[in-house]
Amino acid sequence: MNISIVIPCHNEEKNIAEISNRFLKIFDKIDIDLYKIIFIDDGSTDNSWQEINLLSKKFKNKILGIRLSRNFGHQNAVMTGLKYCKSDLTLIIDADLQDPPELLEEMKNKLINEKANCVYGKRISRKDTFFKKITASIFYRVFNKLSYTKIPFDAGDFRLIDEKIVKNLLRLNEADPFIRGLVPWTGFKQIPIEYARDERRRGESSYNLKKMLNLTLDGMLSFSNFPLKISYYICIISLVILLLLVVYTLKSYFDGQTVQGWTSLIMTILFFNSILFFILAIFGEYLGRIFLEIKKRPNAIISEITED
Ligand code: UDP
Ligand code: MG
């Protein structure tokens, strides 16, 4: 049995050597072969690619580097890496050592003993900022309310998957892949393993607010049609308000009072205007995504691959 390690890197020059050393050390001890450690350099602007190159020369056949032609984003980088996993199992892990490589042995044992197809890391504690923790917690809860596919709380992309899941993930070819939703979507037996998530070892997080929001939106919109249905509810509410207004106006008319003030009128117009635009925005989001999807662009473009 063998295993690939997929590590997406965006400006991780200071973590690359350590993470590969830690993995190589693990494979000296455990009874499973390393197929390859696959680093995907997602358009780094530091020396990440040079680091990956050095390692791939030093550990020929065991370390593969793939350099993307620009920054395509974390999820696309992982999908590109998966295409090179010709192994029985695959571990997806961040480069910044927030997830402990040493957990691999336990994950592998769990997968084999319980005959599962995926073992995903479930964070029982995490050393992230308060903001990150609270937004993540809201996200998982809202996502599961809206989505047809349920995803486990507090699980990221740190997971060990077998070749069946990899094969099916690659078949999907989605434009904005949301891996932590797509893996549960494939079905099969998926079980958690609990762990404490560490602080980022070195360097800075590449997930700024914009990237986080984009990932959230990708997840929500590709797993739920609920936002499209909001328009129905808003429509019903506005119709009720309209009806009340009509009753009020008629009553004033028969009471002999003139309906005064166009302020309220303008306010009403504005109110409905904003609702319309809101609905239009939701439509735009979906339309934009359909547009991207039908173009069937590749997830990422590779500019270089280290030699074998
Ligand atoms: N990453 C990437 N492309 C990006 C952003 C991030 O490949 O555009 C990688 C990054 O190098 C790391 C992983 O994705 O290995 C998770 O990113 P990060 O640690 O910055 O996110 P956080 O842990 O803060 O959510
Ligand atoms: Mg991180």
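It should be emphasised that the depicted structure is a prediction, and the values quoted were computed from it without experimental measurement.

What counts and how
- Residues numbered from 1 in each chain as written.
- Chains lettered and ligands numbered in written order.
- Predicted model: local features only at pLDDT ≥ 70, side-chain atom pairs only at ≥ 80, totals over all residues.
- Heavy atoms only, no water.
- Near = heavy atom within 4 Å.
- Polar contact = N/O pair within 3.5 Å; in protein donor to acceptor, adjacent residues only side chain to side chain.
- Areas by Shrake-Rupley, 256 points an atom, 1.4 Å probe, with all protein chains shown as cover.
- Nonpolar A, V, L, I, M, F, W, Y, C, P; charged D, E, K, R; others polar.
- Donors = N, O, S within 2.8 Å, 3.2 Å for Na, K, Ca; no water.
- Buried < 20%, exposed > 50% of the residue type's maximum accessible area, 1.4 Å probe, protein only.
- Pairing = 2+ DSSP bridges.
- Helix = DSSP H or I, 4+ residues; strand = E, 2+ residues; numbered from the N terminus.
- Axes fitted to C-alpha atoms, helices over the stretch in contact; angles between N-to-C directions.
- Contact = heavy atoms within 4.5 Å.

Caption draft 1: Seen up close, the site of ligand 1. Contacts to ligand 1 come from 19 residues, most closely from E12, D42, Q98, S205 and S206. H74 places a main-chain nitrogen or oxygen 3.4 Å from a nitrogen atom of ligand 1. Measuring from an oxygen atom of ligand 1, one finds a side-chain N or O atom of S205 at 2.7 Å. Relative to its unbound accessible area of 530 Å², ligand 1 is 95% covered by the protein chains. Across the shell around ligand 1, the residue classes tally to 4 nonpolar, 7 polar and 8 charged.

Caption draft 2: The coordination of the magnesium ion (ligand 2), seen in detail. Surrounding the magnesium ion (ligand 2) are the protein donor atoms D96 (OD) and Q98 (OE1), which sit 1.9 to 2.0 Å from the metal. Assigned by exposure class, D96 and Q98 land together as buried.

Caption draft 3: Structural context of the sheet that holds strand β8 (residues 302–305). Strand order across the open sheet formed by 8 strands is β7-β5-β6-β4-β1-β2-β3-β8, with mixed pairing between neighbours. In the strand order of this sheet, the two ends are held by β7 (190–197) and β8, each with one partner. Strand after strand, the sheet turns through a mean of 20° between neighbouring axes, direction not considered. Across 5 bridges, strand β2 (residues 33–41) lies against strand β3 (residues 63–68) in parallel orientation. Along β3, the bridge assignment pairs F39 with G65. In this fold helix α6 (residues 163–172) packs onto β4 (89–92), β5 (118–126), β6 (155–162) and β7, with an angle of close to 115° to the strand it touches most, β6.

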